[in-house]
Amino acid sequence: MSTEDACPGTCNRHYREVREQFKQALADYDPLDANQSRPLPPSIQAWLGNPWCGTCRSRIRETLAELDDLAALLMATADGHRAGAGSERVSGSADALSPSQAADDLDDLAAMLRGWEDAYRELRDWPSLARRGHLASAVTTCIAWLSARLDEIVTAPFAVEFGQEVMQWHREFTSKAKAGARTLRKPLRCPRPQCRLLTLTWTEGETYVICNNPDCGARIPLAEYEAETSRLSDALQRGELEAEAV
């Protein structure tokens, strides 16, 4: 399978890690060393995409929409001040900070979104829009415009860069707005016989419990995990199960 067909999203994180480990093992292999065996190519298969798989496309759509919510949350923490027309913003300098970092962040987000709108307009040979923000904020209206055309944008020549940048900004704004769901460690062992490690976590709002063992990566439906938790709890209460078995 060609890696060019692999979706560039998080769905293939484990696939990419395994492939990199194989490449490193191959580079370290010495055919003249009788104590070494030639590494075998991994059998793991990638999720295919064009370029994104269906799951990652849905994640990009959701992430893009949530940028509007995150912008609103960040604005709620801003002091309302902006730098003057002649003010300079010097990255990393404590001596030239903008009066409102949140306002600067929102301006940068709007510029990023306008850049992708301009890229798609240029691709379709459409005229550029003079400005946004007449009826709602520039961020809100630009996100709505991109969302309406997202099915075409995520298959455009710049689809990979678009999706990656949207998800990167989402991570940054989630941190800055102190938003986002918690990831909680779960007490049961991974149910896969070849794993059985205490490496399960669940992120609030997700419908799956994830095994974080890089050699496993199991995805257990939340309802299935909760049913197993209830079964083990009842068995422990009846004295039918040793605590160590959990």
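All values reported here derive from a predicted model rather than from experimental measurement. (Residues numbered from 1 in each chain as written. Predicted model: local features only at pLDDT ≥ 70, side-chain atom pairs only at ≥ 80, totals over all residues. Heavy atoms only, no water.)

Q: Quick question: what am I supposed to make of the overall build of the protein here?
A: Check the secondary structure of the protein and you find seven helices and four strands. The secondary structure elements of the protein, listed N-terminal to C-terminal, are α-α-α-α-α-α-β-β-β-β-α. Across the 246 residues of the protein, 31% fall into the buried class. Pairs at least 24 residues apart make up 54% of the contacts formed inside the protein by residues separated by at least 6 positions. (Helix = DSSP H or I, 4+ residues; strand = E, 2+ residues; numbered from the N terminus. Buried < 20%, exposed > 50% of the residue type's maximum accessible area, 1.4 Å probe, protein only. Contact = heavy atoms within 4.5 Å.)

Q: I tried to follow the pairing of strand β3 (residues 208-211) on my own but got confused; where do I start?
A: In the case of a regular strand, side chains alternate between the two sheet surfaces. A one-sided burial pattern is seen for β3, the buried positions being V209 and C211 and the unburied ones Y208 and I210. Pairing geometry for strand β2 (residues 200-203) and β3, over two bridges, is antiparallel. Counterpart to L200 in the pairing with β3 is C211. A loop of four residues connects β2 with β3, the two strands running antiparallel in sequence, and G205 in this loop sits at a positive phi of about 95 degrees. Relative to strand β4 (residues 219-221), β3 runs antiparallel, the two sharing three bridges. By the bridge assignment for β4, V209 is matched with I220. (Pairing = 2+ DSSP bridges.)

Q: What is the right way to read the state of the cysteines from this model?
A: Counted by the stated rule, this structure contains zero disulfides. C11 supplies the cysteine sulfur nearest to C7, a cysteine that is in no disulfide, at a spacing of 3.6 Å. Exposure remark for C7: the relative accessible area of 1% places this residue in the buried category. A disulfide-free cysteine, C195 has its sulfur positioned 3.7 Å from the sulfur of C211, the nearest such atom. When its relative accessible area of 11% is taken as the criterion, C195 is described as buried. (Disulfide = S-S within 2.5 Å.)

Q: Can you walk me through the nonpolar core in this structure?
A: Looking at soluble globular proteins, one finds that nonpolar side chains tend to be buried together. Counting residues in each nonpolar core, the largest one holds 35 residues, and the members touching the most others are W52, L64, L67, L109, L113, L146 and F162. Listed by contribution, the elements that provide at least two residues to this core are α2 (54-76), α3 (101-123), α4 (138-148), α5 (150-153) and α6 (159-176). Here this core takes eight residues from α3, the largest share from any one element. Those residues in contact with F162 that sit more than four places away from it in its chain are I60, L64, W116, L146, L150 and I153. L188, I220, L222 and L232 belong to the second largest nonpolar core, which has 13 residues in total. (Core = buried A, V, L, I, M, F, W, Y, C linked by side-chain atoms within 4.5 Å.)

Q: In this structure, what is going on with unusual backbone geometry? I would like to understand it.
A: Negative phi characterises most residues that are not glycine, and trans characterises most peptide bonds. Here N50 and P51 are connected by a cis peptide whose omega angle stands at -10 degrees. Note on placement: P51 falls in the loop between α1 (13-28) and α2. Its identity as a non-glycine residue notwithstanding, D125 has a phi of 60 degrees, on the positive side. Locating D125 in the fold gives a position in the loop between α3 and α4.

Q: Sorry, what's going on with the confidence of the model for the protein here?
A: For the protein, per-residue confidence averages 83 on the pLDDT scale, and 84% of positions sit at 70 or higher. Taken element by element, the protein is modelled with least confidence in helix α7 (residues 222-237), mean pLDDT 85, and with most confidence in α5, mean pLDDT 97. Low confidence marks residues 80-97, where pLDDT is under 50. Its contacts with residues over four positions away, or in another chain, come to 14 contacts. (pLDDT = per-residue confidence, 0-100.)

Q: What should I look at first to understand a positive patch on the surface in this one?
A: Together, R13, R16, R59, R171 and R219 line one region of the surface with positive charge. Note that R16 resides in helix α1. (Patch = residues over 30% accessible without salt bridge, like charges linked within 9 Å, V, L, I, M, F, W, Y side chains within 5 Å. Areas by Shrake-Rupley, 256 points an atom, 1.4 Å probe, with all protein chains shown as cover. Salt bridge = Lys/Arg side-chain N within 4 Å of Asp/Glu carboxyl O. Lys, Arg positive; Asp, Glu negative; His and termini not counted. Charge placed at Lys NZ, Arg CZ, Asp CG, Glu CD.)

Q: Sorry if this is basic, but what is going on with the sheet that holds β4 here?
A: Two orientations exist for strands paired in a sheet by backbone hydrogen bonds: parallel and antiparallel. Within the open sheet, the four strands sit side by side as β1-β2-β3-β4. Their pairing is antiparallel. What marks the edges here is a single partner per strand, and that holds for β1 (183-185) and β4. Looking at each pair of strands side by side, their axes are set apart by 30 degrees on average, direction ignored. Inspection of the sheet shows β1 paired to β2 by three bridges, in the antiparallel sense. In the sheet register, R185 faces β2, and the bridge partner there is T201. (Axes fitted to C-alpha atoms, helices over the stretch in contact; angles between N-to-C directions.)

Q: How do you make sense of the packing of α2 against α4 when you look at a structure like this?
A: In helix packing, the relevant descriptors are the interaxial angle and the interaxial distance, both defined with respect to the helix axes. Relative to each other, α2 and α4 sit at 170 degrees, their axes nearing to 10 Å. What the angle tells us is that α2 and α4 run roughly antiparallel. Touching R61, L64, A65, L67, D68 and A71 of α2 are V139, T140, I143, L146 and S147, all from α4. When its residues are assigned to classes, the contact of α2 with α4 shows seven nonpolar, two polar and two charged. (Parallel < 35°, antiparallel > 145°, perpendicular 65-115°, else oblique. Nonpolar A, V, L, I, M, F, W, Y, C, P; charged D, E, K, R; others polar.)

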